[in-house]
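Each chain, written out:
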Amino acid sequence: MKAFCILITFTLVGTCATTKYSTKIENLKSSIKLADSTLAVNYANTITKKELSTHLYKFASDEFKGRKVGEAGQKKAAQFLKSYYQNENIGSPLGGSNYYQTIPSSFLSNEIKASENVMAYVKGSEKSEEVIIISAHLDHLGVSENGEIYNGADDDGSGNVAIMEIAQAFNLAKKDGNVPKRSLLFIHFTAEEIGKRGSEFYTQNPVFPLENTVANLNIDMIGRVDDAHLINKNYIYLIGSDRLSKELHYTSEKVNDSYFNMNLDYKYNVEGQRNNYYKRSDHYSFAKHDIPVIFYFNGEHDDYHEVTDTPEKIDYSLLETRTKLIFATAWQLANQEHRITNDEDSVFLK
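Residues numbered from 1 in each chain as written. Predicted model: local features only at pLDDT ≥ 70, side-chain atom pairs only at ≥ 80, totals over all residues. Heavy atoms only, no water.

A look at the overall build of the chain
At step 1: A tally of regular secondary structure across the chain gives 9 helices and 8 strands.
At step 2: Radius of gyration (C-alpha) of the chain: 21 Å, near the 20 Å computed for a compact globule of 350 residues.
At step 3: Residues counted as buried form 57% of the 350 residues belonging to the chain.
At step 4: Expressed as a percentage of contacts within the chain between residues at least 6 apart in sequence, the contacts between residues at least 24 apart total 82%.
At step 5: Mean positive and mean negative side-chain charge positions of the chain (38 and 47 charges, respectively) differ by 4 Å. (Helix = DSSP H or I, 4+ residues; strand = E, 2+ residues; numbered from the N terminus. Rg over C-alpha atoms; globule rule 2.2 N^0.38 Å. Buried < 20%, exposed > 50% of the residue type's maximum accessible area, 1.4 Å probe, protein only. Contact = heavy atoms within 4.5 Å. Lys, Arg positive; Asp, Glu negative; His and termini not counted. Charge placed at Lys NZ, Arg CZ, Asp CG, Glu CD.)

Rendered as structure tokens:
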């Protein structure tokens, strides 16, 4: 009988503990208030599949020779990005006409030539020292041994053109006097395909202190549909959103539920998942420094790392919706009253 009573006591304690944590999560969810929702929708709607398509057919064309790190095609792609930001009057965090963070060959591997991250910047109005980084990698695999070009339309042309449109939307808001409270830093990383070296270089040599980086939203392949979603393609995989900040996770979900109602698939976010995508793209360079991250991903397909990853296979309507989701999430992070917190700093989870 004594043992039975002790068992009941432990069961009750466990139930109370679970209920208490559930209450904290509900309090956290209810604390998230959408910021300037009408403006968020209006500027998200400036992102169009037509412009995404125009950018991608250029960025993933044979002209850039597969954008291999340090080679002429990659540098031509970097120049294309720089020219875009200059033409849009979107500034550089480095000032003037310098949009490149140069990475010396000594930092790269296998005698690869020096390369560069491309960066653009929209300065915040009230909390400009706090920065949201939106990233994608600009490099790809170059040219095959038999001379075929790896155009990398999805990997990661889709991420780069998404950033271009997101940056344009934030800059339009700025021109209209709706300057985001926090700053936005747009980074096109080089050298992801050889081990995330571009993002590692940035975190070792940050333009803004890492402690002032609110979050990293990293985009790597968002233009296609994988086999698991052929019937219902209104989805995106999210990886890492709850690893460091439950607030980031639930903020992301609230934005989606309020504006887009996409299927946020967390299949690849499970710890120990065999593909280990959490560590396989540039967001992980930030996560290692305890900076909250979200990795946006459509999953692999038959054209992954093949010369057949070409622009005509992109679903541009889906790319538009996914890009709008990322913009709206960044808008919320940039404009809500308080900076999102890591779990250990959250007043709601204590």
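A closer look at the packing of aromatic side chains
At step 1: Taken as a whole and assessed by the stated rule, the structure comprises 24 aromatic pairs.
At step 2: When the ring of phenylalanine 170 is compared with that of phenylalanine 186, the centres are 6.4 Å apart and the planes differ by 45°; the resulting orientation is tilted. Residue phenylalanine 170 is found in helix H5 (residues 153–175), and its partner phenylalanine 186 is found in strand S4 (residues 182–189); the two are separated by 16 residues along the sequence.
At step 3: By relative accessible area, which is 0% here, phenylalanine 170 ends up buried.
At step 4: Note on phenylalanine 295 and phenylalanine 297: the rings are 5.3 Å apart at their centroids and 25° apart in plane angle, and the pair reads as stacked.
At step 5: What makes phenylalanine 295 buried here is its relative accessible area of 3%.
At step 6: You can call phenylalanine 297 buried: its relative accessible area is 3%.
At step 7: The ring of phenylalanine 107 carries the charged tip of arginine 197 above its face, separated from the ring centre by 4.1 Å.
At step 8: Positioned above the aromatic ring of tyrosine 278, the side-chain terminus of arginine 243 is 4.1 Å from the ring centre. (Phe/Tyr/Trp six-rings, centres within 6.5 Å; stacked < 30°, edge-to-face > 60°. Lys NZ or Arg CZ within 6 Å of the ring centre and 35° of its normal.)

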